[in-house]
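Spelled out from the first residue to the last, the chains are:
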Amino acid sequence: MRQKKIMLLGGIHYLLPAIEAAHKQGYYVITADYLPHNVAHKYSDEYINVSIIDKEAVLQAARDKHIDGILSFAVDPGVTTAAYVQEQMGLPSMGPYESVRILQNKAQFRNFLRDNGFNVPWSESYSDIKQAMLHTHQLPFPVIVKPTDSAGSKGVTKVENLNDYLPALQCAFEQSFSHQVIVEQFIDAYGCSSDSDCLSVDGKLKVVTFSSQYFDLSAANPFTPAAFSWPSTFSIQQQQYLSAELQRLISLLGMKTTLYNVESRIGKDGKPYLMEVSPRAGGNRLAEMIRYATGVDIITAAIRAAVGDRIEDLDKIEYKKNIAYIVLHAPKQGYFSGIDINEDFYNKHQLEPLDIWVQKGEKVDAFTGSNNTIGTLPLQFNSNSEIIHFLNDMNNLIKINVDVNPIIDVSTIAPPYVSY
């Protein structure tokens, strides 16, 4: 029997569990993007140099390689391209290409929600700054300004008053592939918002998860998620409402079998909101953390579905562990000199070894988006209350050291801290 081939778009760290899952299934893995030195290409069977937002070029490469399936796993820019290739080649599909386009464009998504009676904040989209500045009289401050087509909180700004509006627009336009931004009413969350992954099979939700999402308010961009925990602090009733609305959305769009990265929150107005629904795995290793917390492997399920293999029966979601996931990031721009972690704390709560993506002396940027992540730290606790206590004291337990000037050598500090 011919070995099945799967193409994964992108080459970042977050692809590694998908590559591992594909290899365990016996598939041949092709990774594709325009950055040959990206880490994921070291682990795939073959690399193709092509821009993942050039759907015709990716389609040609996919045809040349006779692939059996394609995914843009945890890589937002390639999702519509993957859907296009699936449709053009008759491959196993996440859903109609036009439906995927709606989900991937924040302006179209908001309009679709509004037209179909979902809870949705006020919003307007603009294709140039001059047009946006003509409508300042209608802005319900505070507002969020962001690109319609980027992920990882890149180009996202909360605007409290008119003086800060123009710089926010400029920032958003710089980060938009399509040169389009959306301005929307800021929905102040009651408690923690959620960012987690879900899975539908043949249009039916089979796995629904919610997390608690935390932010570093001292970061360069305080809207970039800095930590997550499972299970969520949402009530059962709130989770049931959001699950039903997510299923309604999937049905309206005719989606099929795919992962979804779902961002949701409960507003201080008491309404539950679906803020983002993208047909891909989330970044920040969310699907891996769900596997740790529940034992349910949605990564392998998505990989098998992508090449048309049957998904094994999935267990009902039950949380077996309390998991926290820390997005390690620099407190400022400079040169990375190490991470100090309280050793007693680390030994007690370690889930897997600390994963650092940069070398000592390497230049690092301030935390303006998920692309500035310098490593990851999954941890396990006995309860959600333990997690909350840790997060309130996190900066005293985990210290990321950045020097302003280039460094040659770094000495560690005395116990009870250990440097990595």
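Below is a short write-up of the structure. (Residues numbered from 1 in each chain as written. Predicted model: local features only at pLDDT ≥ 70, side-chain atom pairs only at ≥ 80, totals over all residues. Heavy atoms only, no water.)

### Section: the sheet that holds strand S14 (residues 272–278)
Ordered in space as S10-S9-S13-S14, the four strands form an open sheet in which the pairing is antiparallel. Two strands bound the open sheet, and with one partner strand each, they are strand S10 (204–207) and S14. Across the sheet, the mean angle separating the axes of adjacent strands is 40 degrees when strand polarity is ignored. Sheet strands touched by helix H10 (residues 298–306): strand S9 (194–201), S10 and strand S13 (258–266). Its angle to S9, the strand with the most contacts, is close to 45 degrees. (Pairing = 2+ DSSP bridges. Helix = DSSP H or I, 4+ residues; strand = E, 2+ residues; numbered from the N terminus. Axes fitted to C-alpha atoms, helices over the stretch in contact; angles between N-to-C directions. Contact = heavy atoms within 4.5 Å.)

### A closer look at the side chain of Arg-304
As for its position among the elements, Arg-304 is in helix H10. Residues within four places of Arg-304 in sequence aside, it is in contact with Gln-25, Tyr-27, Asp-309, Arg-310 and Glu-312.

### Thoughts on the nonpolar core
One finds Met-7 and Leu-249 to be the most contacted residues of the largest nonpolar core, which totals 89 residues. Here this core gets seven residues from one element, more than from any other, and that element is H10. The contact partners of Met-7, leaving out residues within four places of it in the chain, are Ile-30, Ile-48, Val-58, Ala-61, Ala-62, Ile-67, Gly-69, Ile-70 and Leu-71. With 27 residues, the next largest nonpolar core counts Cys-192, Ala-330, Ile-387 and Ile-400 among its residues. (Core = buried A, V, L, I, M, F, W, Y, C linked by side-chain atoms within 4.5 Å. Buried < 20%, exposed > 50% of the residue type's maximum accessible area, 1.4 Å probe, protein only.)

### Focus: the pairing of strand S3 (residues 46–49)
Side chains of S3 alternate between two faces, with Glu-46 and Ile-48 buried and Tyr-47 and Asn-49 left unburied. Bridge count for strand S2 (residues 28–33) against S3 is four bridges, and the pairing is parallel. Within S3, the position partnered with Asp-33 by the bridge is Asn-49.

### A short note on the sheet that holds strand S6 (residues 143–147)
Paired through their backbone hydrogen bonds, the strands of a sheet run either parallel or antiparallel. One open sheet holds the four strands; their spatial order is S5-S8-S6-S7, and the pairing between them is antiparallel. The outermost strands of the open sheet, each flanked by one partner alone, are strand S5 (123–126) and strand S7 (157–159). Neighbour to neighbour, the strand axes of the sheet diverge by 25 degrees on average, direction disregarded. Pairing geometry for S5 and strand S8 (residues 181–185), over four bridges, is antiparallel. Residue pairing for S8: Glu-124 is matched across the bridge by Val-183. Across the face of the sheet, helix H5 (residues 106–115) comes into contact with S5, S6 and S8 while running at roughly 45 degrees to S8. Packing against the sheet, helix H7 (residues 165–174) makes contact with S5, S6, S7 and S8, and its axis sits at approximately 25 degrees to S6.

### Points about the layout of surface pockets
Space left empty within the atom packing is revealed by a probe, the size of a water molecule, rolled over the atoms. In this structure, the second largest pocket occupies an estimated 430 Å³ of space. Elements supplying a minimum of two residues to the lining of the second largest pocket: helix H3 (79–89) and helix H4 (97–104). Within the lining of the second largest pocket, the residues separate by chemical class into five nonpolar, six polar and four charged. (1 Å grid on protein atoms, 1.4 Å probe; cavity = no way out; pocket = protein on both sides within 12 Å on 5 of 7 lines; lining within 4 Å. Points joined across faces, edges and corners; volume = space filled by probe spheres on them. Nonpolar A, V, L, I, M, F, W, Y, C, P; charged D, E, K, R; others polar.)

### Brief notes about helix H12 (residues 384–392)
Those residues of H12 that fall on the buried side of the exposure criterion are Asn-384, Ile-387, Phe-390 and Leu-391. Projected onto a plane normal to the axis of H12, the buried residues spread over an arc of 120 degrees and lie on a single side. Structural note: H12 exposes Ser-385, His-389 and Asn-392 on the side pointing more than 90 degrees away from its buried face. (Arc of directions from axis to C-beta.)

### A short note on the environment of Val-75
Inspection of the secondary structure puts Val-75 in the loop between strand S4 (69–71) and H3. Expressed as a C-alpha distance, the spacing of Val-75 and Glu-174, which sit 99 residues apart in the sequence, is 19 Å. With residues near it in sequence (within four places) discarded, Val-75 still touches Leu-9, Gly-10, Ile-12, Leu-15, Ile-52 and Arg-280.

### Focus: the packing of H5 against helix H8 (residues 236–253)
The geometry of H5 relative to H8 is characterised by a closest axis approach of 12 Å and an angle of 105 degrees between their N-to-C directions. For the element pair H5 / H8, the angle class is roughly perpendicular. Packed against H5, whose contacting residues are Phe-109, Phe-112 and Leu-113, the element H8 presents Leu-249, Leu-252 and Leu-253 at the interface. Across the contact of H5 with H8, the residue classes tally to six nonpolar, no polar and no charged. (Parallel < 35°, antiparallel > 145°, perpendicular 65-115°, else oblique.)

### Observations regarding the side chain of Ser-229
Tracing the sequence through the fold places Ser-229 in strand S12 (residues 225–230). You can call Ser-229 buried: its relative accessible area is 1%. Side-chain polar atoms of Ser-229 contact the side chain of Tyr-214, separated by 3.3 Å. Residue contacts for Ser-229: discarding those within four places in its chain leaves Ser-211, Ser-212, Tyr-214, Ile-323, Ala-324, Asn-384 and Ile-387. (Polar contact = N/O pair within 3.5 Å; in protein donor to acceptor, adjacent residues only side chain to side chain.)

### Topic: the pattern of salt bridges
Within this structure, the stated rule accounts for 18 salt bridges. For the salt bridge of Lys-146 with Glu-276, the shortest nitrogen-to-oxygen distance reads 3.1 Å. Here the residue Lys-146 occupies a position in strand S6, and Glu-276 occupies one in strand S14, the gap between them amounting to 130 residues. Exposure remark for Lys-146: the relative accessible area of 9% places this residue in the buried category. Across the pair Arg-291 and Asp-297 runs a salt bridge whose closest N-O atoms are separated by 3.5 Å. Several salt bridges share partner residues, and in doing so they unite Arg-110, Lys-146, Glu-184 and Glu-276 into one network. (Salt bridge = Lys/Arg side-chain N within 4 Å of Asp/Glu carboxyl O.)

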